[in-house]
Amino acid sequence: MAPPAQPGAQGGRGSKGPPARKLLCMCSLSLCLTYLCYSLMGGTGPGALRSPAGLRGFPAPSALRGSPAPSALRSPAGLRGSPAPSALRSPAGLRGSSATPAPPTRASNASRPGVSAAAWLRTALAPGEVIAAQSGAFERDPQESSTTDEELSRAGSTTPDYGEKRLPQALIIGVKKGGTRALLEAIRAHPDVRAVGVEPHFFDRNYEKGLEWYRNVMPKTLDGQITMEKTPSYFVTNEAPKRIHSMAKDTKLIVVVRNPVTRAISDYTQTLSKKPEIPTFEVLAFKNRTLGLIDASWSAIRIGIYALHLENWLQYFPLSQILFVSGERLIIDPAGEMAKVQDFLGLKRIVTEKHFYFNKTKGFPCLKKPEDSSAPRCLGKSKGRTHPKIDPDVIHRLRKFYKPFNVMFYQMTGQDFQWEQEESDK
């Protein structure tokens with residue numbers, strides 16, 4: 001006969017055990033719900049606001065060291081008594097780094113003679129130039145592209161039977177609506193360059209397919225020829241610099257840049273042609289039109305903040321491996337810009353002025369082979385669209401918004417693209 005159970009012993013474990021386990025489960029569930037809510041509200045979870053360059057704690061490049069942060073960028077919102085968002089407190093958007101740019105030596109302020117860039121950089125932005133920084137403001141948006149797997153497969157299979165497929169030695173990485181298609185078509189006229197006609201989107205969308213897939217997309221080349229491709233969305237993709245560096249750290253990079261205000265309008269015009277039902281440019285450009293809060297989370301605006309994106313690339317590639325091509329000069333003087341591109345790639349200057357013919361109807365140069373007697377080959381109907389009329393006040397606010405970032409970009413690259421001069425002439 002079994003001994004009698006001690007009073008309360010079995011019952012004690014039975015009565016205390018289940019409630020304890022329930023309490024533990026409830027605590028765990030509560031923590032999970034708290035973390036999820038915190039993430040959605042902009043905490044350190046998946047939905048948190050990230051640094052534009054995707055880099056935290058990295059020192060700024062040498063070009064940006066040694067001077068105090070300009071107040072215009074230390075408080076982008078330009079609101080007194082209100083702290084700037086942490087992701088935008090530093091011009092470079094880098095947390096943990098106090099280094100900020102010294103006044104650019106080559107940048108000019110033609111519209112205000114005698115006033116240095118450093119002087120107006122210290123002027124806080126007005127409320128109309130506020131950066132509307134919300135959770136996910138600098139997250140990468142999906143980029144538009146008509147490239148399909150079938151087109152990529154066809155691009156890789158239509159190359160000549162001689163030569164071999166190689167990974168690209170040079171990439172046109174941006175920017176969207178800057179003139180990358182015009183540059184690609186022009187450089188493809190060089191006999192020592194073979195380039196993919198479509199955008200592979202390997203380093204932003206198809207990276208999981210592996211380098212062999214990427215290599216197979218490339219055209220066949222002979223020894224001495226350069227393999228190239230262009231995908232403009234790489235420039236604003238946080239992961240792209242590291243991935244390209246992992247493929248080949250000596251890869252040459254080309255960025256076609258354009259006045260960010262004009263670029264944003266061109267970007268909108270392209271989207272409008274595909275989606276006529278979208279709101280007006282003025283509506284999309286502002287987080288709050290009444291308060292003048294510019295919505296930097298809209299990709300059309302965000303892409304044009306070149307200095308923030310460039311910070312990411314300078315963590316992996318020296319400035320000597322990056323060529324910045326002026327989208328404006330590519331229209332005005334295509335042969336001059338192509339001379340720079342060919343020198344950068346180590347090619348003989350074969351693509352010259354005899355390859356171009358300016359089409360007054362389209363408003364940009366058309367390409368032809370010098371030996372051809374036929375009409376020049378121009379870019380398609382998707383290029384040179386007529387821009388919609390934009391409220392001048394909106395354009396003025398955008399110019400002021402971009403101005404400090406443009407000056408930082410001039411200093412970082414050592415080039416003055418004269419976008420402010422261009423605007424003052426209008």
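Residues numbered from 1 in each chain as written. Predicted model: local features only at pLDDT ≥ 70, side-chain atom pairs only at ≥ 80, totals over all residues. Heavy atoms only, no water.

Section: the side chain of S326
Applicable threshold: Only runs of H or I of at least four residues qualify as helices and only runs of E of at least two qualify as strands under DSSP, and these elements are numbered from the N terminus. For every residue, the accessible area obtained with a 1.4 Å probe (protein chains only) is divided by the maximum for its type, and the residue is called buried under 20%, exposed over 50%, and partly exposed between those limits. Contacts described as polar in this section are N or O atom pairs within 3.5 Å, which, within protein, must combine one atom able to donate a hydrogen with one able to accept it, while residues neighboring in sequence count only if both atoms come from side chains. In this analysis, two residues are considered to be in contact whenever any of their non-hydrogen atoms come within 4.5 Å of each other.
Mapped onto the elements of the fold, S326 is located in strand β10 (residues 322-326). Accessibility expressed as a relative area gives 8% for S326, which makes it buried. Looking at S326, its side chain comes within polar contact range of the main-chain nitrogen of R329, at 3.1 Å. If near-sequence neighbours (up to four positions away) are discounted, S326 is found in contact with V257, E337 and F417.

A look at helix α6 (residues 180-187)
In terms of burial, α6 is largely enclosed, as seven of its eight residues are buried. Those residues of α6 lying buried are T180, R181, L183, L184, E185, A186 and I187.

Quick word on the pairing of strand β7 (residues 252-257)
Note the cut-off: Strands qualify as paired when DSSP identifies two bridges or more between them.
Across the six residues of β7, five count as buried, placing the element largely inside the fold. The pairing of strand β3 (residues 170-174) with β7 spans four bridges and is classified as parallel. Looking at β7, one finds that I172 is bridged to I254.

Regarding the pattern of salt bridges
To keep it simple, the criterion reads: Salt bridges are identified by distance alone: a Lys or Arg side-chain nitrogen within 4 Å of an Asp or Glu carboxyl oxygen.
On inspection of all chains with the given rule, the structure shows 13 salt bridges. Linking E212 and R215 is a salt bridge whose minimum nitrogen-to-oxygen distance equals 3.2 Å. Taken together, the positions of E212 and R215, both in helix α7 (residues 211-217) and three residues apart, correspond to about one turn of that helix. The class for E212 is exposed, based on a relative accessible area of 54%. Salt-bridge contacts for K340 lead to E337; the nearest nitrogen and oxygen are separated by 3.1 Å. In this pair, K340 and E337 both sit in helix α14 (residues 334-344), three residues apart, roughly one turn of the helix. Each of E164, R166 and D223 takes part in salt bridges that share partners, so that together they form one network.

Here's the deal with the confidence of the model for the chain
For clarity, the threshold we go by: Looking at any residue, its pLDDT shows the predictor's confidence there, from 0 to 100.
On average, residues of the chain score 72 in pLDDT, and 56% of them reach the 70 mark or higher. Segment residues 1-17: pLDDT under 50, and two contacts once partners within four positions in sequence are set aside and those in other chains are kept.

What to know about a nonpolar patch on the surface
The test is simple: Note that patches include only residues with greater than 30% relative accessible area and no salt bridge, and the join distances are 9 Å for like charges and 5 Å for nonpolar side chains (Val, Leu, Ile, Met, Phe, Trp, Tyr). Every accessible area reported is derived by Shrake-Rupley at a probe size of 1.4 Å, with residue values counting cover from the shown protein chains alone.
A contiguous nonpolar surface patch, about 290 Å² in accessible area, is contributed by I331, I332 and F358. Its place among the elements puts F358 in strand β11 (residues 356-359). You can call F358 partly exposed: its relative accessible area is 40%.

So, the pairing of β3
Of all five residues in β3, five are buried; the element is thus mostly enclosed. Two elements, β3 and strand β6 (residues 226-230), share three bridges in a ladder whose sense is parallel. By the bridge assignment for β6, L171 is matched with E229.

With respect to the packing of aromatic side chains
Heads up, the rule is: Between 30 and 60 degrees the pair is tilted, below 30 it is stacked and above 60 it is edge-to-face, where a pair is any two Phe, Tyr or Trp rings, Trp via its six-membered ring, whose centres lie within 6.5 Å.
Applying the stated rule across the entire model yields 22 aromatic pairs. Consider the rings of Y268 and F281, whose centres lie 5.6 Å apart with planes at 80 degrees: the pair is edge-to-face. One end of the pair, Y268, is in helix α9 (residues 260-274); the other, F281, is in helix α10 (residues 281-285), and 13 residues separate them in sequence. Take Y268 and F281: they sit in the same class, and that class is buried. Relative to F405, the ring of F401 lies with its centre 5.8 Å away and its plane at 50 degrees, an arrangement referred to as tilted. Here F401 pairs with F405, and both are found in helix α15 (residues 392-413), just four residues apart, close to one helical turn. An aromatic cluster of at least three residues, connected via ring pairs, comprises F202, F203, Y207, W213, Y214 and Y234.

As for helix α8 (residues 240-247)
To keep things clear, this is the line we draw: What the arc measures is the spread of directions leading from the helix axis to the C-beta atoms.
By the burial criterion, the buried members of α8 are A240, P241, I244 and M247. End-on view of α8: buried residues confined to an arc of 125 degrees, all on one side of the axis. Facing away from the buried surface of α8 by more than 90 degrees, the exposed residues are K242 and S246. In this structure, the buried residues of α8 make contact with β3, α7, β7 and α12 (306-314).

A look at the nonpolar core
If you look at soluble globular proteins, the nonpolar side chains tend to sit buried side by side. Here is the rule: For our purposes a nonpolar core is just a set of buried Ala, Val, Leu, Ile, Met, Phe, Trp, Tyr and Cys residues, chained together by side-chain atoms within 4.5 Å.
F281 and W313 are the most contacted members of the largest nonpolar core, which totals 57 residues. Other than its neighbours up to four places away in sequence, W313 contacts I173, Y234, F235, A240, P241, I244, L253 and I322. One finds L183, I254, A335 and L345 within the second-largest nonpolar core, a separate group that totals 24 residues.

Some thoughts on the sheet that holds β7
Our working definition: For helices, the axis comes from a line fit to the C-alpha atoms of the stretch in contact; other axes are also lines fit to C-alpha atoms, and the angle between any two N-to-C directions lies between 0 and 180 degrees.
Here we have five strands laid out as an open sheet, ordered β4-β6-β3-β7-β10, and parallel in their pairing. A strand with exactly one partner marks an edge of an open sheet, and here the two such strands are β4 (193-195) and β10. Across the sheet, the axes of successive neighbouring strands diverge by a mean angle of 25 degrees, strand direction being ignored. Examined bridge by bridge, β7 and β10 share five bridges and lie parallel to one another. From the neighbouring strand, V257 faces β10, where its bridge partner is S326. Those strands touched by α12 are β3, β7 and β10, and its axis lies near 160 degrees from that of β10.

What to know about the packing of α6 against α14
Counted only if it meets this: Each angle gets one of four labels, with under 35 degrees taken as roughly parallel, over 145 as roughly antiparallel, 65 to 115 as roughly perpendicular, and the rest as oblique. For any helix crossing, the convention is left-handed if the near helix is rotated counterclockwise from the far helix by under a right angle, and right-handed if that rotation is clockwise. Residue polarity follows a fixed list, in which Ala, Val, Leu, Ile, Met, Phe, Trp, Tyr, Cys and Pro are nonpolar, Asp, Glu, Lys and Arg are charged, and the others, Gly among them, are polar.
One can describe the packing of α6 onto α14 by two numbers: an axis separation of 11 Å at closest approach and a directional angle of 65 degrees. As the angle between them shows, α6 and α14 are arranged roughly perpendicular. When the axes of α6 and α14 are compared, the crossing they make is right-handed. On α14, the residues touching L183, A186 and I187 of α6 are M338, V341 and Q342. Split into classes, the residues belonging to the contact of α6 with α14 amount to five nonpolar, one polar and no charged.

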